[in-house]
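As a plain string of letters, each chain reads:
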Amino acid sequence: STLFPYTTLFRSHRLEDYFRTNFYVDTAAGNPGALRLAIETYGIERVVFATDYPFYPMRSVRGWVEDSVGPQAARRIYDNRIPGLRLPAPAPRA
């Protein structure tokens, strides 16, 4: 269409494919169901931790994430980095 020339770009993939390749989400929602849905929708490799630090206390948020998805999934989330951002690794949970 000449009115919206870029719309043909979106016809080759499902909308979910764009979310899984172009978006990152943070654990900051504070809702276990929302975190699990984010993992299901975007993939665990696209869920990042503490992009809003130091807004919330690190210890309590880490505990919430681990309680919500388990320690192995939480570790994967903690290790995720957004390409191009030079963020340090989060401090270990005390």
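Quick note: structure is the one above.
Right, let's walk through the structure included here.

Rules used in this analysis
- Residues numbered from 1 in each chain as written.
- Predicted model: local features only at pLDDT ≥ 70, side-chain atom pairs only at ≥ 80, totals over all residues.
- Heavy atoms only, no water.
- Helix = DSSP H or I, 4+ residues; strand = E, 2+ residues; numbered from the N terminus.
- Expected span 1.5 Å × (residues − 1).
- Core = buried A, V, L, I, M, F, W, Y, C linked by side-chain atoms within 4.5 Å.
- Buried < 20%, exposed > 50% of the residue type's maximum accessible area, 1.4 Å probe, protein only.
- Contact = heavy atoms within 4.5 Å.
- Axes fitted to C-alpha atoms, helices over the stretch in contact; angles between N-to-C directions.
- Parallel < 35°, antiparallel > 145°, perpendicular 65-115°, else oblique.
- Left-handed = near helix turned anticlockwise from the far one by under 90°.

The next point concerns helix α3 (residues 58-69). Taking 1.5 Å of rise per residue, the twelve residues of α3 would be expected to cover 16 Å, and the 17 Å separating its terminal C-alpha atoms lies within 8% of that figure. Positioned one or two residues after α3, glycine 70 has a phi angle of 95 degrees, which is positive.

This brings us to the nonpolar core. Generally speaking, nonpolar side chains in soluble globular proteins are found buried as a group. Leu35, Val47, Phe49, Val65 and Ile77 are the most contacted members of the largest nonpolar core, which totals 15 residues. Setting aside residues up to four positions removed in sequence, leucine 35 forms contacts with Thr27, Val47, Trp64, Val65, Ser68, Val69 and Ile77.

Let's shift gears to the packing of α3 against helix α4 (residues 71-79). Helix packing for two helices is described by the angle between their axes and how far apart those axes are. Contact geometry of α3 with α4 gives a least axis separation of 7 Å together with a crossing angle of 130 degrees. Looking at the two axes, α3 sits oblique to α4. Seen along the crossing, α3 lies across α4 with a hand that is right-handed. In this structure, α3 uses Arg62, Val65, Glu66 and Val69 to contact α4, whose residues at the interface are Pro71, Ala73, Ala74, Arg75, Ile77 and Tyr78.

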